[in-house]
Amino acid sequence: MLDLRWIRNHPEELKAAMKRRGADVPVDELIELDGRWREKLTLVERLKAERNEASEAIGRAKREGKDASEAIARMKEVAAQIKELDQEVAEMEARIKELLLEIPNVPHESVPDGASDADNVEVRRVGEPREFDFEPKPHWELGVSLDILDFERAGRVTGARFAFLKGLGARLERALIQFMLDLHTEEHGYTELWPPFIANADSMTGTGQLPKFAQDMFRLEGTDYYLIPTAEVPVTNYRKGEILDGASLPLYYTAYSPCFRAEAGAHGRDTRGLIRQHQFDKVELVKLVAPETSYDELESLVRDAESVLQKLGLPYRVTLLCSGDLTFSSAKTYDLEVWMPSYGRYVEISSCSNFEDFQARRADIRFRRQPGAKAEYVHTLNGSGLAIGRTVAAILENFQEADGSVTIPPVLVPYMGGRTKIEPPRE
RNA sequence: GGAAGGGUGGCCGAGCGGACGAUGGCAGCGGUCUUGAAAACCGCAGACGGUCACGCCGUCCGUGGGUUCGAAUCCCACCCCUUCCGCCA
């Protein structure tokens with residue numbers, strides 16, 4: 001959510017920003033409504049001041065045993081007027097809030113112009129995609145032949161876009177979760193949280209999934225609870241409604257969670273394999289920081305996520321998203337893309353964003369620089385560190401051998417009970 | 001699921017129709033004292049919004065309604081927390 005006062009004073013800047021995003025936002029309606037709201041507000045407030053004064057006089061008169069029935073009768077009318085105006089003001093405020101909640105964040109000045117992912121800017125490449133001297137298999141074929149992935153039975157048990165992991169496949173998933181959490185907590189200074197995997201509508205609004213993206217989530221029938229689409233939701237909202245001690249910043253949190261996404265509108269895309277599932281695992285990184293540090297914190301967040309790929313030995317690149325490809329809440333986003341042989345290209349495996357005060361204003365997370373200082377909104381950031389399912393896919397594909405086996409990256413060997421390879425079952 | 005109790009400012013905790021934005025304590029800020037600090041004492045201090053205004057006004061005592069000239073205080077509904085019972089991993 002943007003600051004209404006900023007919008008009031010910078011309507012043209014807002015329009016330009018929305019144009020950069022390709023977002024259609026009723027700025028003029030908002031400005032006009034804001035003007036009428038303030039007029040009406042001033043009016044009711046004047047009446048309320050009158051009422052307060054009169055009520056005090058009535059109280060005084062009664063204590064002195066005087067008759068106040070005339071004033072009471074007059075105030076009864078004022079009260080009726082106030083009630084009516086209050087309702088009008090409340091309706092206007094609700095509409096303003098509604099509009100504000102649907103306006104996306106303003107892209108940072110360092111974000112390049114562009115309409116779609118085709119305009120994203122590659123920042124750097126790390127590692128070389130391997131040259132295979134045999135025909136590499138896609139992970140969905142490898143996984144099935146290794147008997148560690150089972151899409152068919154998952155289709156029967158649940159439906160499309162679900163998978164069973166089996167044997168060393170399940171073990172690999174678990175190993176990756178453990179490895180990433182250990183890395184971020186022990187080497188990067190993040191505090192581990194194990195969050196609720198269900199969050200309420202207020203939290204979903206706090207991070208920006210609601211009100212606009214309800215159709216992307218699974219809602220629990222008859223409740224305002226949703227399966228989380230990412231640990232970003234519970235972890236960012238962890239400090240919701242608080243005024244933090246400035247000395248405690250920056251706060252770094254990491255959390256594992258399964259993620260649930262309805263994938264509405266993705267029919268036909270990435271239908272095979274682990275790339276686009278309704279349920280996947282992810283280790284998430286979240287930061288709450290002082291505003292002036294947030295862009296430095298974004299760079300170090302990207303490095304923390306990258307280090308996972310480096311330690312695993314997976315080739316990847318970093319891209320800077322253009323204005324038209326930014327998600328709703330983000331002011332600036334870097335994507336990490338891992339090399340996926342079956343796709344013959346780099347595939348997103350992490351998205352690292354600075355939301356500035358956009359989420360903090362929605363979730364009401366503030367801090368004081370000094371005791372007694374004015375409360376200010378923190379800046380929030382988050383990034384995947386990493387998406388586990390896609391990491392499994394990348395490991396299977398990039399580290400496959402001609403005999404159909406897969407070599408386990410050395411850093412994972414201790415987490416795999418000392419195993420160095422996943423081999424095809426006999427016969 | 002049943003019963004009881006409770007949600008008040010950064011924290012703890014009083015208040016239970018009018019003088020309450022709210023006693024008191026802790027933490028905070030300024031000062032007196034002190035070589036310095038501590039202690040003691042004095043004073044200042046909430047959040048949000050409106051307005052050109054460090055002034056003025058309004059709102060805020062879990063949330064939403066209601067009663068009243070006037071609600072933290074009374075009524076209704078809901079949410080959350082605690083304890084006990086039941087059930088369960």
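The following refers to the structure shown.

### Considering the overall build of chain A
Next up, step 1: Per the secondary structure count, chain A includes twelve helices and 17 strands.
Next up, step 2: Along the first, second and third principal axes, the C-alpha atoms of chain A reach 100 × 45 × 40 Å.
Next up, step 3: Evaluated residue by residue, chain A yields a buried proportion of 50% over its 427 residues.
Next up, step 4: The long-range share in chain A, meaning contacts at least 24 apart out of those at least 6 apart in sequence, stands at 74%.

### Observations concerning the packing of helix α7 (residues 168-186) against helix α12 (residues 388-398)
Next up, step 1: In contact at an axis separation of 10 Å, α7 and α12 are set at 115° when each is read in the N-to-C sense. By the angle between their directions, the pair α7 and α12 is classed as roughly perpendicular. Once α7 is placed against α12, the crossing between them reads as right-handed. Contacts between α7 and α12 involve Leu172, Glu173, Leu176, Ile177 and Met180 from the first element and Ile388, Gly389, Thr391, Val392, Ile395 and Leu396 from the second.
Next up, step 2: Here the residues of the contact of α7 with α12 sort into eight nonpolar, two polar and one charged.

### Considering the protein's contact with RNA strand B
Next up, step 1: In the vicinity of RNA strand B, 26 residues are found, and the nearest of them are Arg5, Arg8, Arg38, Ser55 and Arg63.
Next up, step 2: Take Arg51: an N or O atom from its side chain is 3.3 Å from a phosphate oxygen of RNA strand B.
Next up, step 3: When contributions to the surface near RNA strand B are tallied by element, the ones reaching two or more residues are α1 (4-9), α3 (27-63), α4 (69-101) and β13 (366-368).
Next up, step 4: A total of 14 residues in the surface near RNA strand B trace back to one element, the largest contributor, which is α3.
Next up, step 5: Residue composition of the surface near RNA strand B, grouped by class: nine nonpolar, four polar and 13 charged.

### Points about the pairing of strand β10 (residues 316-320)
Consecutive side chains along a regular strand alternate between the two faces of the sheet.
Next up, step 1: The element β10 is largely enclosed, with a buried count of four among its five residues.
Next up, step 2: Both strand β1 (residues 121-126) and β10 contribute to a ladder of five bridges, which runs antiparallel. Counted as the bridge partner of Glu122 is Thr319 from β10.

### Topic: the nonpolar core
Among soluble globular proteins, nonpolar side chains are generally buried collectively.
Next up, step 1: Of all hydrophobic cores here, the largest spans 55 residues; its most connected members are Leu172 and Leu176.
Next up, step 2: Discounting chain neighbours no more than four positions away, the residues touching Leu176 are Leu312, Ile388, Thr391, Val392, Ile395 and Leu412.
Next up, step 3: Counting residues in hydrophobic clusters, the runner-up holds 31 residues, among them Ile7, Val27, Met75 and Ile96.

### A word on unusual backbone geometry
Next up, step 1: Going from Leu210 to Pro211, the amide bond is cis rather than trans, its omega being 5°.
Next up, step 2: Mapped onto the fold, Pro211 is located in the loop between α8 (201-207) and β6 (225-227).
Next up, step 3: Here Leu249 and Pro250 are connected by a cis peptide whose omega angle stands at 0°.
Next up, step 4: Considering the arrangement of structural elements, one finds Pro250 in the loop between β7 (243-245) and β8 (251-260).
Next up, step 5: Backbone geometry places Asp270, a non-glycine residue, at a positive phi of 45°.
Next up, step 6: Position of Asp270 relative to the elements: it lies in the loop between β8 and β9 (279-289).

### Focus on the pattern of salt bridges
Next up, step 1: For the structure on display, the rule yields 29 salt bridges.
Next up, step 2: Across the pair Lys15 and Asp28 runs a salt bridge, and its minimum N-O distance is 2.9 Å. Here Lys15 is found in helix α2 (residues 11-21), whereas its partner Asp28 is found in helix α3, with 13 residues between them in sequence.
Next up, step 3: Salt-bridge contacts for Glu98 lead to Arg95; the nearest nitrogen and oxygen are separated by 2.7 Å. Note that Glu98 and Arg95 are positioned in helix α4 at a spacing of three residues, about one turn of the helix.
Next up, step 4: Here Glu98 falls in the partly exposed class, since its relative accessible area comes to 43%.
Next up, step 5: Given a relative accessible area of 30%, Arg95 falls into the partly exposed group.
Next up, step 6: Connected via shared salt-bridge partners are Glu122, Arg125, Arg317 and Glu337.

Each value, and the rule that gives it
Residues numbered from 1 in each chain as written. Chains lettered and ligands numbered in written order. Predicted model: local features only at pLDDT ≥ 70, side-chain atom pairs only at ≥ 80, totals over all residues. Heavy atoms only, no water. Helix = DSSP H or I, 4+ residues; strand = E, 2+ residues; numbered from the N terminus. Buried < 20%, exposed > 50% of the residue type's maximum accessible area, 1.4 Å probe, protein only. Contact = heavy atoms within 4.5 Å. Axes fitted to C-alpha atoms, helices over the stretch in contact; angles between N-to-C directions. Parallel < 35°, antiparallel > 145°, perpendicular 65-115°, else oblique. Left-handed = near helix turned anticlockwise from the far one by under 90°. Nonpolar A, V, L, I, M, F, W, Y, C, P; charged D, E, K, R; others polar. Near = heavy atom within 4 Å. Polar contact = N/O pair within 3.5 Å; in protein donor to acceptor, adjacent residues only side chain to side chain. Pairing = 2+ DSSP bridges. Core = buried A, V, L, I, M, F, W, Y, C linked by side-chain atoms within 4.5 Å. Salt bridge = Lys/Arg side-chain N within 4 Å of Asp/Glu carboxyl O.

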